[in-house]
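Results of the structural survey
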Amino acid sequence: MDSKAIIFDLDGTLIDSSTSILESFNSAFLSCSISLKAPLNSDIIGPPLMKILEILSGTSDQKILTNLATEFKSHYDSYGYKKTIVFPGVISMLKELKNIGFDLFIATNKRIYPTNKIINMLQWNKYFSGIYGLDSISPRADSKGNLLSYIIESNFLNKDNLIYIGDRDDDRIASIDADIDFIFAIWGYEENNHLFIHEERAVSPNDLILKLMEWANRSMPNQ
């Protein structure tokens, strides 16, 4: 097959960070003596940090949000990231896709500092040609769609030979913005599964391998 590239979302797609992230949010709000204005559950995981804090705090006051962000980062970057869980079947999937010859990338809303700490902890650098977060490029990407476009341009990727894998509707929207194919990964946070009824989706990492092979062998992948 022609050279094909896959860009993966991280949280909810390859890893389960929900417990560690929620613990760090709880710690931040306790440290700042601020009451939560929204439920603290995995539904909120996915958007950029400041957007999540705005939802949880019910305010757009930048001083409050900055203080919360500082406390969150301190806890998560020191302790929280270590509790990251890899979804079952993901490691063997990454090995298989790499062995097949796919070029693998990560595009995440997670800050690049803890992202790199997680990747190093899991010893995943050998699988990925590039790991990108919104804050890993300059100027900072203002959306995941723009981040995908940056990855495409900076790595000279052919959109016809490229697909994005994510677990949220904003991942699907990002793929539309970047004009590339997309598959939902629905083995992660179950709260999101109702979104995917009418979209191509993979129910497990092994199922994703099969779907990616079908996609790779299509003569006209965007049709």
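Anything mentioned here points back to the structure above.
So, a few notes on the structure that sits alongside this text. Quick caveat, the model's predicted, so the values are computed rather than measured. (Residues numbered from 1 in each chain as written. Predicted model: local features only at pLDDT ≥ 70, side-chain atom pairs only at ≥ 80, totals over all residues. Heavy atoms only, no water.)

1. Points about the overall build of the protein
Along its length, the protein carries eight helices and eight strands. Taking 2.2 N^0.38 as the reference for a compact globule, 223 residues should give roughly 17 Å; the C-alpha atoms of the protein span a radius of gyration of 17 Å, in line with that estimate. By its C-alpha atoms, the protein is 55 × 35 × 35 Å across when sized along the principal axes. For the protein, the proportion of its 223 residues judged to be buried stands at 50%. For the protein, the proportion of contacts with a sequence separation of at least 24, taken over those separated by at least 6, is 66%. Put simply, the protein shows about 10500 Å² of open surface, and 48% of that area lies on carbon and sulfur atoms. (Helix = DSSP H or I, 4+ residues; strand = E, 2+ residues; numbered from the N terminus. Rg over C-alpha atoms; globule rule 2.2 N^0.38 Å. Buried < 20%, exposed > 50% of the residue type's maximum accessible area, 1.4 Å probe, protein only. Contact = heavy atoms within 4.5 Å. Areas by Shrake-Rupley, 256 points an atom, 1.4 Å probe, with all protein chains shown as cover.)

2. Some remarks on the pairing of strand S4 (residues 103-108)
On a regular strand, each side chain points to the face opposite its neighbour's, so the side chains alternate between the two faces of the sheet. Burial analysis of S4 places five of its six residues in the buried class, which makes it a mostly covered element. Sheet topology places S4 next to strand S5 (residues 130-133); four bridges connect them, and they run parallel. Each bridged residue has a counterpart across the sheet, and for Ala107 the counterpart in S5 is Tyr132. This β-α-β element, S4 to helix H5 (residues 112-122) to S5, shows right-handed connectivity. (Pairing = 2+ DSSP bridges. Right-handed = clockwise from strand over helix to strand, strands pointing away.)

3. Concerning the pairing of strand S7 (residues 181-185)
Of all five residues in S7, five are buried, a share of seventy percent or more. Taken together, the four bridges between strand S6 (residues 162-166) and S7 define a ladder with parallel strand orientation. By the bridge assignment, Ile163 is partnered in S7 with Asp181. Regarding topology, helix H7 (residues 169-178) serves as the crossover connection from S6 to the parallel S7, and that connection is right-handed. For S7 and strand S8 (residues 201-202), the ladder comprises two bridges, and the chain directions are parallel. Among the inter-strand pairings, Phe184 is bridged to a residue of S8, identified as Arg201.

4. Re the pattern of salt bridges
Counted by the stated rule, this structure contains eight salt bridges. For Asp170, the salt bridge is made with Arg168, and the minimal N-O distance between the two is 3.4 Å. For Asp170, a relative accessible area of 28% translates into the label partly exposed. Among the salt bridges present, the one from Arg172 reaches Asp169, with a minimum N-O distance of 2.7 Å. One end of the pair, Arg172, and the other, Asp169, are both in helix H7, three residues apart, so they sit about a helical turn from each other. Taking the relative accessible area as the measure of exposure, Asp169 reaches 26% and is therefore partly exposed. (Salt bridge = Lys/Arg side-chain N within 4 Å of Asp/Glu carboxyl O.)

5. Brief notes about the nonpolar core
Formed by 49 residues in total, the largest nonpolar core has its most connected members in Phe8, Leu14, Leu94, Phe128 and Leu212. Setting aside residues no more than four positions away along its own chain, Phe128 makes contact with Phe8, Leu14, Leu94, Leu104, Phe105 and Ile106. Of all hydrophobic cores here, the second largest spans 21 residues; its members include Phe105, Ile151, Leu162 and Ala178. (Core = buried A, V, L, I, M, F, W, Y, C linked by side-chain atoms within 4.5 Å.)

6. Here we look at the environment of Ala178
Tracing the backbone shows Ala178 in helix H7. Note: C-alpha distance between Ala178 and Phe156 (22 residues apart in sequence) is 14 Å. Residue contacts for Ala178: discarding those within four places in its chain leaves Gly145, Leu148, Ser149, Ile152 and Lys159.

7. Thoughts on the sheet that holds S6
Strand order in this open sheet of six strands is S5-S4-S1-S6-S7-S8, and the pairing throughout is parallel. Two strands lie at the open edges of the sheet, namely S5 and S8, each paired on one side alone. In this fold helix H6 (residues 144-154) packs onto strand S1 (5-8), S4, S5 and S6, with an angle of close to 150° to the strand it touches most, S4. Most of the contacts of H7 go to S7, to which it runs at about 170°, and overall it touches S6 and S7. (Axes fitted to C-alpha atoms, helices over the stretch in contact; angles between N-to-C directions.)

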